[in-house]
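So you can see what is in the structure, the chains are spelled out below.
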Amino acid sequence: MDFSTDLFLSHLAPTTPHPFLIPIERAEGVYLYSPDGKRYTDLISGIGVSNIGHRHPKVIEAIRHQLDKHLHVMVYGEYIQSAPNRLAKKLSELLPPSLGCCYFVNSGTEANEGALKLAKRYTGRTGIVSCNKSYHGSTHGSLSVSGNEARKNAFRPLLPDVRFIEFNSVADLDRITGQAACVIMETVQGDAGVRIPTREYMQAVRKKCSQTGALLILDEIQCGMGRTGSLFAFEQFGILPDILTLAKAFGGGLPIGAFISSKAIMSTLSHDPTLGHITTFGGNPVCCASALATLQVIEEESLLNHVEAKGILFEGLLRHARIREIRRIGLMFALDFDSADRANRIVDYARENGVICYWFLSHPSSLRIAPPLTISEQEIRAACAVILKAIENS
Ligand SMILES: Cc1ncc(COP(=O)(O)O)c(C=O)c1O
């Protein structure tokens with residue numbers, strides 16, 4: 001084993017000048033372990049991934065089973081393989097018929113890239129409408145439709161014909177016109193600091209898309225897979241998207257994303273041109289086996305039934321005069337403080353004392369908490385005690 005900090009800093013490309021630099025040897029349930037035996041409670045689920053905890057035994061078993069059969073055998077969409085077949089069947093049972101056709105990819109940003117291309121291909125239009133403060137990924141297309149302008153400047157030119165509207169503003173929906181191929185939005189904005197729209201707003205978005213012929217893409221890469229208390233967040237708003245995108249927790253710890261739509265819409269990617277969207281590893285059988293086991297665990301362990309009670313417990317425990325506001329849906333929280341510096345100090349103190357929380361790229365004065373849905377009451381109480389101390393010491 002090699003947990004050398006020098007090696008990490010010299011040979012792995014950095015994304016920030018100040019990475020966490022915690023060596024992690026193994027992970028189980030809500031805990032991460034360093035080689036020196038130090039234990040951390042992962043209150044951010046590896047940023048929205050470990051919704052059923054780390055290394056869930058059922059997921060490990062499904063991966064092992066698939067490893068004994070085959071790994072990659074062909075690029076996406078040619079051979080009939082059992083793991084993607086079974087995953088698509090499971091999703092079709094969980095989703096309405098209009099979301100009965102899945103395209104499996106490798107990541108969240110790729111799911112959104114595929115969804116944007118699909119909307120342009122299906123409608124024959126070029127316009128894209130997105131929301132201020134949104135985050136949809138880091139590749140060129142997804143970055144183009146992400147709302148944090150400052151983060152885009154170094155990478156222009158990006159996609160043309162993208163229009164931004166204010167999230168949760170019904171008045172702004174008038175800016176969606178018949179030129180729009182699609183409207184892309186997170187059902188609950190994550191990186192903006194957990195912004196929860198009203199039911200009325202989401203229904204008005206749906207109506208406007210139907211009126212103008214723009215496809216509604218709901219990005220549930222962060223807020224899906226039970227995070228908000230329902231398997232998919234859109235269920236809580238009484239609407240259906242035309243295209244749904246998933247990733248992160250979808251794979252149970254392995255990399256997989258999906259864009260999901262109707263067979264009629266999805267079929268347009270197979271002609272004019274053929275191979276309209278292609279991927280070598282999308283639908284990788286090991287990742288599909290892991291994703292299917294993850295969906296089964298959520299169901300078999302009735303995890304969704306407990307999300308709200310756990311969320312309320314967190315909210316009740318996290319009371320402190322320095323918290324200006326808590327925004328919460330299910331087990332997805334933003335705690336607002338007066339400055340990014342204070343949020344930083346809280347994150348640092350908590351980490352030093354064995355609890356991992358984080359901030360938001362586009363809202364750095366808030367604390368991000370999104371624990372595994374499997375977290376126990378005792379684990380919640382212990383973690384909140386550390387966070388309260390961190391706030392007190394900030
Ligand atoms: C809402 C949302 N969409 C898309 C992405 C991009 O996913 P990935 O990092 O897998 O490309 C993220 C990642 O944080 C996200 O939160």
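Scoring rules and cut-offs
- Residues numbered from 1 in each chain as written.
- Predicted model: local features only at pLDDT ≥ 70, side-chain atom pairs only at ≥ 80, totals over all residues.
- Heavy atoms only, no water.
- Phe/Tyr/Trp six-rings, centres within 6.5 Å; stacked < 30°, edge-to-face > 60°.
- Buried < 20%, exposed > 50% of the residue type's maximum accessible area, 1.4 Å probe, protein only.
- Helix = DSSP H or I, 4+ residues; strand = E, 2+ residues; numbered from the N terminus.
- Lys NZ or Arg CZ within 6 Å of the ring centre and 35° of its normal.
- Pairing = 2+ DSSP bridges.
- Axes fitted to C-alpha atoms, helices over the stretch in contact; angles between N-to-C directions.
- Left-handed = near helix turned anticlockwise from the far one by under 90°.
- Contact = heavy atoms within 4.5 Å.
- Nonpolar A, V, L, I, M, F, W, Y, C, P; charged D, E, K, R; others polar.
- Disulfide = S-S within 2.5 Å.
- Near = heavy atom within 4 Å.
- Polar contact = N/O pair within 3.5 Å; in protein donor to acceptor, adjacent residues only side chain to side chain.
- Areas by Shrake-Rupley, 256 points an atom, 1.4 Å probe, with all protein chains shown as cover.

Colleague: Looking at this structure, I do not really get the packing of aromatic side chains. What am I missing?
Modeller: Note on aromatic pairs: each is described by the distance of the centres and the angle between the planes. Tallied over the full model, the rule gives ten aromatic pairs. An angle of 5 degrees between the planes, with centres 5.8 Å apart, marks the rings of Phe-232 and Phe-234 as stacked. We note that Phe-232, like Phe-234, is buried. Ring centres of Phe-314 and Phe-333 lie 5.2 Å apart, and the angle between their planes is 55 degrees; this geometry places the pair in the tilted category. Taken as a pair, Phe-314 in helix 10 (residues 304-317) and Phe-333 in strand 12 (residues 332-336) lie far apart in primary sequence, 19 residues in all. Relative accessible area serves as the criterion here: at 0%, Phe-314 is assigned to the buried category. A network of ring pairs unites the aromatic residues Phe-20, Tyr-358 and Trp-359 as a single cluster. Across from the ring centre of Tyr-33, 4.0 Å away, lies the NZ or CZ of Arg-26, which sits over that ring. Above the plane of the ring of Phe-20 lies Arg-351, whose end atom (NZ or CZ) is 4.5 Å from the centre.

Colleague: How do you make sense of the sheet that holds strand 15 (residues 363-369) when you look at a structure like this?
Modeller: By way of backbone hydrogen bonds, the strands of a sheet pair with one another, either parallel or antiparallel. Pairing within the open sheet is antiparallel, and its four strands lie in the order 11-12-15-14. Looking along the sheet, the strands with just one partner apiece sit at the ends: strand 11 (325-329) and strand 14 (358-360). Strand-to-strand, the axes of this sheet are offset by a mean angle of 35 degrees, without reference to chain direction. Two elements, strand 11 and strand 12, share five bridges in a ladder whose sense is antiparallel.

Colleague: Any chance you could explain the packing of helix 4 (residues 82-94) against helix 9 (residues 285-300) here in plain terms?
Modeller: How two helices sit against one another is set out by the angle between their axes and by the gap between those axes. Where helix 4 meets helix 9, the axes come as close as 8 Å, and the angle between the chain directions of the two elements is 35 degrees. Both helix 4 and helix 9 take part in a crossing whose hand is left-handed. Residues Ala-83, Pro-84, Arg-86, Leu-87, Lys-90, Leu-91 and Leu-94 of helix 4 lie in contact with helix 9, whose contacting residues are Pro-285, Cys-288, Ala-289, Ala-291, Leu-292, Leu-295 and Glu-299. Its residues assigned to classes, the contact of helix 4 with helix 9 comprises eleven nonpolar, no polar and three charged.

Colleague: Is there a simple way to explain the state of the cysteines in this structure?
Modeller: Two cysteines, two sulfur atoms, one covalent bond between them: this is a disulfide. The full count for this structure, using the stated rule, is zero disulfides. A disulfide-free cysteine, Cys-209 has its sulfur positioned 8.7 Å from the sulfur of Cys-182, the nearest such atom. Judged by relative accessible area, Cys-209 falls into the buried class, the value being 1%. No disulfide involves Cys-287; its sulfur sits 7.0 Å from that of Cys-288, the nearest cysteine. For Cys-287, a relative accessible area of 8% puts it in the buried group.

Colleague: Looking at this model, I keep getting lost on the site of the ligand. Mind explaining?
Modeller: The environment of the ligand is formed by Ser-107, Gly-108, Thr-109, Asn-112, Tyr-135, His-136, Gly-137, Glu-186, Asp-219, Ile-221, Gln-222 and Lys-248. Contact between the ligand and Thr-109: an oxygen atom at 2.8 Å from a main-chain N or O atom of the residue. Measuring from an oxygen atom of the ligand, one finds a side-chain N or O atom of Gln-222 at 2.8 Å. Relative to its free-state accessible area of 390 Å², the ligand is covered by the protein chains to the extent of 81%. Tallying contributions element by element places helix 5 (residues 108-123) first for the shell around the ligand, with three residues. Of the residues in the shell around the ligand, the class split is two nonpolar, seven polar and three charged.

Don't take any of this as a statement about function, it's just geometry.
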